[in-house]
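Summary of structural features
Single-letter residue listing:
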Amino acid sequence: MSAVPIIASVSNEPSAVQSSAPTHAQQLADKDVTIAALQATTAELTKKLGAALYQIDQLARRVFGRSSESYDHPDQLRLELGI
């Protein structure tokens, strides 16, 4: 048994290896695109959350009136929705 035929069948051309596997620069670029997309999604969801919390505060004021604004704890106006 000789290992020479197996080694001889492997291509030593760098272009063959580079074309099949993404380069480090390509991987970094893909990672950067993914990070940017996730940051945009996070910003959008944070904005939606702020709007929803504002609506909850407005509804609490409508239901409980201005007297609900005198509170001791900063989260007192928040409704416990089990979220």
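Residues numbered from 1 in each chain as written. Predicted model: local features only at pLDDT ≥ 70, side-chain atom pairs only at ≥ 80, totals over all residues. Heavy atoms only, no water.

1. Some remarks on the overall build of the protein
- Counting its secondary structure elements, the protein contains 3 helices and 0 strands.
- In sequence order, the protein lays out its α and β elements as α-α-α.
- Residue burial in the protein is summarised as follows: out of 83 residues, 5% are buried. (Helix = DSSP H or I, 4+ residues; strand = E, 2+ residues; numbered from the N terminus. Buried < 20%, exposed > 50% of the residue type's maximum accessible area, 1.4 Å probe, protein only.)

2. What to know about the confidence of the model for the protein
- Residues of the protein with pLDDT of at least 70 account for 54%, and the chain-wide mean is 75.
- For the protein, helix 1 (residues 4-9) is the element with the lowest average pLDDT, namely 52, and helix 3 (residues 24-64) is the one with the highest, namely 92. (pLDDT = per-residue confidence, 0-100.)

3. Here's the deal with the pattern of salt bridges
- What the rule picks out here adds up to 1 salt bridge.
- Measuring nitrogen to oxygen at the nearest pair gives 3.4 Å for the salt bridge that ties E44 to K48. A residue pair is termed a helical-turn pair when its members lie 3 or 4 positions apart in one helix, as E44 and K48 do in helix 3 at 4 residues. (Salt bridge = Lys/Arg side-chain N within 4 Å of Asp/Glu carboxyl O.)

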